[in-house]
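# Structural overview for review
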Amino acid sequence: MNAMPRALWSRLLALVGAALLLRLAVLHGVLLDPAIGLQVDEAQYWGWSRDLQWGYYSKPPVIAALIAASTALFGDAVMGVKALSMALHGATALALASLAHTMAGDRPARAARAAWWAALIALSNPVASLLGLAATTDAPLLLCWTLAAAALWRLQQQDRLRDWAWLGLWLGLGLLSKYTMAVLLVAVVGVMGTRPVAARHPLGGPALMLAVLALLLVPHLAWNAAWGWPTWRHTADITLQAPRSANGSGWARLGEWVGGQWLLFGPLWALLVLQRRVAARAWPAPRAVPTLTPAQRFLLWLALPLLLIGALQAVRAGAQINWTAPAGQALTLALALWLSAPRRRLARQTAAVVVALHLLVLTALPLAGTLARALGGPQAMPPRALDLWARMRGWNSAFATLEAAARAQRDADPHTRLLGTSRTVIAHGQYAWRGLGLPWHAWQPGPTRRATDHYQLTAAWPVDPAADAARPLLIVGEGDALPADWLDRLEPPVRLGECRQPQARGQALHLVLWRTRLRTPGGHTP
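Worth saying up front: this structure is predicted, and the values here are computed from it rather than measured.

Roughly 1,300 Å³ of volume is contained in the second largest pocket. Around the second largest pocket, the lining comprises 48 residues; the ones closest to its centre are A330, L331, A334, L335 and W338. Mapped onto the lining of the second largest pocket, the elements with two or more residues apiece are α4 (78-103), α5 (108-124), α6 (126-129), α7 (138-157), α12 (250-265), α13 (270-282), α14 (294-317) and α15 (327-339). Its residues assigned to classes, the lining of the second largest pocket comprises 32 nonpolar, 13 polar and three charged.

Take the sheet that holds strand β5 (residues 494-504) next. Read across the open sheet, the six strands follow the order β3-β2-β1-β4-β6-β5; overall the sheet is mixed. With one partner strand each, in any of the chains shown, β3 (460-461) and β5 form the two edges of the open sheet. Note: strand β1 (residues 417-420) against strand β4 (residues 472-478), four bridges, orientation parallel. Paired with R417 across the bridge in β4 is L473. Sheet contacts for helix α18 (residues 395-412): β2 (440-443), β4, β5 and β6 (507-517); angle to β6, the most-contacted strand, approximately 15 degrees. Its contacts with the sheet put helix α19 (residues 423-432) on β1, β2 and β4, and the angle it makes with β2 is roughly 175 degrees.

Side-chain pairs of opposite charge can arise whenever the charged atoms involved come near each other. Taken as a whole and judged by the stated rule, the model has 14 salt bridges. Between D163 and R154 there is a salt bridge, with the nearest N and O atoms lying 2.8 Å from each other. You can call D163 buried: its relative accessible area is 2%. Residue classification places R154 among the partly exposed residues on the basis of a relative accessible area of 23%. Across the pair E498 and R495 runs a salt bridge, and its minimum N-O distance is 3.4 Å. With a relative accessible area of 36%, R495 lands in the partly exposed category.

On to the confidence of the model for the chain. Taken over all residues, the pLDDT of the chain has a mean of 89, while the share at 70 or more is 92%. For the chain, per-element mean pLDDT is lowest for α13, which scores 67, and highest for helix α3 (residues 62-74), which scores 98.

As a further point, take empty space enclosed by the protein. For the structure shown, the criterion picks out one cavity of 30 Å³ or more. Of the voids in this model, the largest cavity is the one considered here, and its volume is about 30 Å³. Around the largest cavity, the lining residues are V30, D33, I36, P366, G369, T370, W389 and R393. Across the lining of the largest cavity, the residue classes break down as four nonpolar, two polar and two charged.

Residue position: D387 is located in the loop between α17 (368-376) and α18. You can call D387 buried: its relative accessible area is 5%. There is a polar contact of 2.9 Å between the side chain of D387 and the side chain of R393. In this structure, D387 is in contact with P382, R393, Q503 and A504, ignoring residues within four places of it in sequence.

A word on unusual backbone geometry. Cis geometry marks the peptide bond from W461 to P462; its omega dihedral reads 5 degrees. In this fold, P462 is placed in the loop between β3 and α21 (465-468). Of note, W229 is a non-glycine position whose phi angle comes to about 60 degrees, a positive value. Assignment of secondary structure puts W229 in the loop between α10 (204-226) and α11 (230-238). We classify W229 as partly exposed; its relative accessible area is 35%.

Rules used throughout
Residues numbered from 1 in each chain as written. Predicted model: local features only at pLDDT ≥ 70, side-chain atom pairs only at ≥ 80, totals over all residues. Heavy atoms only, no water. 1 Å grid on protein atoms, 1.4 Å probe; cavity = no way out; pocket = protein on both sides within 12 Å on 5 of 7 lines; lining within 4 Å. Points joined across faces, edges and corners; volume = space filled by probe spheres on them. Helix = DSSP H or I, 4+ residues; strand = E, 2+ residues; numbered from the N terminus. Nonpolar A, V, L, I, M, F, W, Y, C, P; charged D, E, K, R; others polar. Pairing = 2+ DSSP bridges. Contact = heavy atoms within 4.5 Å. Axes fitted to C-alpha atoms, helices over the stretch in contact; angles between N-to-C directions. Salt bridge = Lys/Arg side-chain N within 4 Å of Asp/Glu carboxyl O. Buried < 20%, exposed > 50% of the residue type's maximum accessible area, 1.4 Å probe, protein only. pLDDT = per-residue confidence, 0-100. Polar contact = N/O pair within 3.5 Å; in protein donor to acceptor, adjacent residues only side chain to side chain.

Printed below as a string of structure tokens:
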């Protein structure tokens, strides 16, 4: 198997470094708007990173560990929370380049071209350019998926125990990042069941892979078992057991999902398809019966199972477009290998234009708000369709306005309990008031209702209504009133402060800080 030359590695590292610097510059430009903070999931993951465990309500533990390491290195500011996740997208591009180089064969020139195109496509697509600006579970998932695919390709060529161990390692770390990784096991069975070489370790290899996998997963499974399998239940709720959407037919939802996949991989690759259609009409070639190469069969195993599951989920109840993002790794490799072939100079020129346009558009789009403020003043907002940061705007500013009142209540009574009316409020509040010293709690949904987020699972309140009625409550909520079912169990709340912050054109965040107490069983305040 051909190893990538050191000189090529150095040039690819320089490319990835330049791409990372570009993204850091874009994020710096975005954060020139001081109202922009973390997205709600990022804020929640940051909270998890303060309390590392082997699992959490909605996700396995890798994202929390990644953010813990990132903030230990770079601090708790927005850039520090995101830094290592952004770097992992660059590492994924390098892993794709290495795999493309290996899959391209023993011709050095073609292998080098394949590596370059794999890196360029990966670094310029929306996954890396837009999702790469956020701390998400997709960052470690895509890296582990790619490294597992590389181990699987080596196993297809030559059955070695060390590659089985590597496969188990990357499968395990991928599953600890996001359960989507489980779909790759279908590819493992398919590829190894149809490989062209005889198995040297037909039992020992898979057993070693499963042993490594189990070693990594047992602590996570033990955590889930101890808490009543919340991560598994949540995953089932959003996939297998999700109710049918009332909006549109299954075919309409499938069409939306297909369009989302096109946008996710890079919409301007349609230009290359158009160029090939024009070239085929101008210089028709004799038709040949298509036959799949080993590389093509391998890539189909990597992509098709996940895409089929995603399509079925889209028809059934709608699906998040990024859920099938790992399938894009196979598409990236397929396109890179195709572009690396001889006599495709015109196609490579078109692809270079597409990469450049993707980089231009996907660099400018996150900066729409910065541009609007530069042209229209500090209060200017971009059109809502171009405003990627609307849901992240205003939270830190609103909590900063309310913090003095919260500190005064904490100083007056250190036994004060702090609650938020939703997962979104608690996640942003944990991050914004990280120096306040009051732990956040979620309203107890009741003994007969299952927790619907990590805060209800691990920090539900009240625990003992009779004892907890003696404690003052601070509650942060959105809007002018607390939920009606809360008011039935609380003394009349006192408004300590409120803040309105613009988030987007025609949209504002309204946070209110309340002080109250829990009613005693007899209805009297202690």
